[in-house]
Amino acid sequence: MSFPHTHSLSVSSSRTHSRSEIRRSSSHDARDDDQILLDNLGDGIMERRGQEDEESLLEKDRTDHLAPQPASKPSFAVASIWIAVNTLATIGIVFTNKAIFSDPSLKLAQLTFAAFHFFMTWLLLFTLSRPQLAYFAPRRTTIREVIPLSVAMSLNVILPNLSLAYSSITFYQIARILLTPTVATMDYVLYHTSLPRNAIMTLIPACLGVGMVSYYDSLPTEDANIKTTSSMGVAFAFCGIFASSLYTVWIKSYQRKLQISSMQLLLNQAPVSGFLLLYVIPFVDTFPMWSEVPVNRWLMILMSGIFAALINLSQFFIVGQTGPVSSTVVGHLKTCLIVSLGWVTSGRSVGDKSILGVLVAVGGIVS
């Protein structure tokens, strides 16, 4: 006996259970999909946060690396060493050049001597600008831009050397004191700058002292051991002061115009100055018999070039580590030492009248 109604109910019930299971399964699948989506979103967010944190750390590292570090205080011992090197090299080059120019065969080769100094200066600056040392970064300029300054640089070296060849060391160094008032005058005429009244008052005794030394040091003397200054030496000295002052004023102007440092400018103009002299040397210089030049003269020429390189190098460190004020003080110290040593080696007595001019001139610059 069969119960069709019961069978229908069973079929209906099974169908209902199947639909429920399908709905539950679909619901579970939907929740699983949502959970997977949320998990993926969470992983993406965490990954992006991790990348942002990593980028922030890298940026901080770059910022810390590029941020200017506090400058270390200059070592007193190191600064003292460079000051001593600069002072000794300046004294050495003056007396070495005087000894070289005392040789008549070398006195008339001034342009060749200047070209040699320009080469030594360029070699030093080229070495300092190499990446291995990197004391300064080289910067190129056109030759046309630096030709006027290179001519002034050549005159700045040649004319004072000629003055040293035809005058005493004392007069040569005292005459260089006139550079300060001449530069101030050129600055006023060319760029309408002015000096404080106190600075002008200190220049008056300096100029007066130079005039007194020029007069008394050029007077003839009966003692052959006393070194005097010829009228040609006085003329070369004042022409050299004008050329050096113009060169000093132009350096400031060219640095502003070309937007480069003094070392970068010197690296560009030194080879140009030496190259320009090559056109003039065959017509002006009188060469000695090089085979007859004694070995000690060759050593002096080499020492002169080394002294010139040391002066440029030490001046760079003195200004960089101690400042321009200390550099000025060092300049006054060198003037006093060279004048004193020049007086001792000149053969003059303490009662010579030119010593009064020396004291007045030195007192003017020191005050």
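Values in this document were obtained by computation on a predicted structure and should not be read as measured data. (Residues numbered from 1 in each chain as written. Predicted model: local features only at pLDDT ≥ 70, side-chain atom pairs only at ≥ 80, totals over all residues. Heavy atoms only, no water.)

Across its full length, the protein chain holds 13 helices and 0 strands. In the protein chain, the succession of helices and strands from N to C terminus is α-α-α-α-α-α-α-α-α-α-α-α-α. Counting only residues that meet the buried cut, the protein chain has 38% of its 367 residues in that class. Taking contacts inside the protein chain between residues at least 6 apart in sequence as the whole, the part at least 24 apart equals 86%. Looking at the protein chain as shown, the accessible area adds up to about 21900 Å², and 66% of this sits on carbon and sulfur atoms. (Helix = DSSP H or I, 4+ residues; strand = E, 2+ residues; numbered from the N terminus. Buried < 20%, exposed > 50% of the residue type's maximum accessible area, 1.4 Å probe, protein only. Contact = heavy atoms within 4.5 Å. Areas by Shrake-Rupley, 256 points an atom, 1.4 Å probe, with all protein chains shown as cover.)

Bringing the packing of helix H2 (residues 76-101) against helix H5 (residues 143-165) into the picture now. As a packed pair, H2 and H5 sit with axes 9 Å apart at the nearest point and diverge in direction by 70°. In terms of axis orientation, H2 runs roughly perpendicular to H5. Here H2 runs over H5; the crossing is right-handed. Between H2 and H5, the residues in contact are Val94, Asn97, Lys98 and Phe101 and Asn161, Leu164 and Ala165, respectively. Taken together, the residues that form the contact of H2 with H5 break down as 4 nonpolar, 2 polar and 1 charged. (Axes fitted to C-alpha atoms, helices over the stretch in contact; angles between N-to-C directions. Parallel < 35°, antiparallel > 145°, perpendicular 65-115°, else oblique. Left-handed = near helix turned anticlockwise from the far one by under 90°. Nonpolar A, V, L, I, M, F, W, Y, C, P; charged D, E, K, R; others polar.)

In this structure, Leu265 and Leu277 are the most contacted members of the largest nonpolar core, which totals 34 residues. Of all the elements in the fold, those that place two or more residues in this core are helix H4 (110-128), H5, helix H9 (231-258), helix H10 (262-284) and helix H11 (295-322). Beyond its immediate chain neighbours, meaning those up to four positions away, Leu277 contacts Leu111, Ala114, Ala115, Phe118, Ser154 and Ile158. (Core = buried A, V, L, I, M, F, W, Y, C linked by side-chain atoms within 4.5 Å.)

Taken as a whole, this structure holds 1 salt bridge when the rule is applied. The partner of Arg297 in a salt bridge is Asp103, and the shortest N-O contact between them spans 3.3 Å. Taken together, the residues span a long stretch of sequence, with Arg297 in helix H11 and Asp103 in the loop between H2 and helix H3 (104-107) at a distance of 194 residues. Each member of the pair, Arg297 as well as Asp103, is classed as buried. (Salt bridge = Lys/Arg side-chain N within 4 Å of Asp/Glu carboxyl O.)

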